[in-house]
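An overview of the molecular structure
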Amino acid sequence: MREYKLELEYLLPLLAEMRQQGVLSTLFIHGINGLTVPCMAQIGLRDGQAMRCRIVTEDGKICASGNKALRLLYGLGPRNWHLDVQPSAPLRISPPSESVRYSSDTGPIKYSSNTGSISLATQFSLRIPRRSLYASADTLKSLSRSQKRIFLLVDGMRNIGKIAVLMSMRDEKEAEKVVMELEALGFITF
């Protein structure tokens, strides 16, 4: 068992770089997101990538899962995370017996209940862009309003999902589209 005290948005890229495999968990003694009962967040990792995520109460009831759970965990500040390393064992988050259905309130990026993994689109929204060009007044004139706003929010620390939240975008795909445009223009890199 390994322990980390980091924000999740910094811990996941670190574990991805180390290609860790296992279950990452943290305990919320006073609950989370309006829940007043103790609960635990669990993130299944395979080769450093978040494959499953859920928040469960101590009696085993699932409060949130997939992308919805992952979004709830982002921006909570530093937490004590425990990684139960499983070098070659199959990925399992206990208890595995429950079949989970996902409602449309999880947003445009869907959790795949068939494969139990977080979609590639969500993995893209967790990536952290950084500026590759210096922004002069002339450079910014060539960008659209949304491109300028997103370019100015890119600081090498915020992921695309967090940028979408700061932009008050309901659909992360809008932010992803603008980020891809800026990457194609050479303004940002990953």
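Below is a short write-up of the structure. (Residues numbered from 1 in each chain as written. Predicted model: local features only at pLDDT ≥ 70, side-chain atom pairs only at ≥ 80, totals over all residues. Heavy atoms only, no water.)

**A look at helix α1 (residues 8-17)**
Within α1, burial applies to Leu8, Glu9, Leu11, Leu12 and Leu15. End-on view of α1: buried residues confined to an arc of 165°, all on one side of the axis. Where α1 is buried, its residues touch β1 (2-6), β2 (22-28), β3 (39-46), α2 (66-73), β6 (79-85) and α6 (160-166). Count one or two residues on from α1 and you reach arginine 19, which has phi positive near 55°. (Buried < 20%, exposed > 50% of the residue type's maximum accessible area, 1.4 Å probe, protein only. Helix = DSSP H or I, 4+ residues; strand = E, 2+ residues; numbered from the N terminus. Arc of directions from axis to C-beta. Contact = heavy atoms within 4.5 Å.)

**Concerning the pattern of salt bridges**
Where charged atoms of side chains with opposite charge meet at close range, the side chains can pair. The full count for this structure, using the stated rule, is four salt bridges. Salt-bridge contacts for glutamate 9 lead to lysine 162; the nearest nitrogen and oxygen are separated by 2.8 Å. Remark: lysine 162 occurs in helix α6 and glutamate 9 occurs in helix α1; sequence separation between them is 153 residues. With relative accessibility at 28%, the residue lysine 162 sits in the partly exposed group. The salt bridge involving arginine 19 is made with aspartate 47; its shortest N-O contact spans 3.9 Å. With a gap of 28 residues between them, arginine 19 in the loop between α1 and β2 and aspartate 47 in the loop between β3 and β4 (49-57) connect regions that are remote in the sequence. (Salt bridge = Lys/Arg side-chain N within 4 Å of Asp/Glu carboxyl O.)

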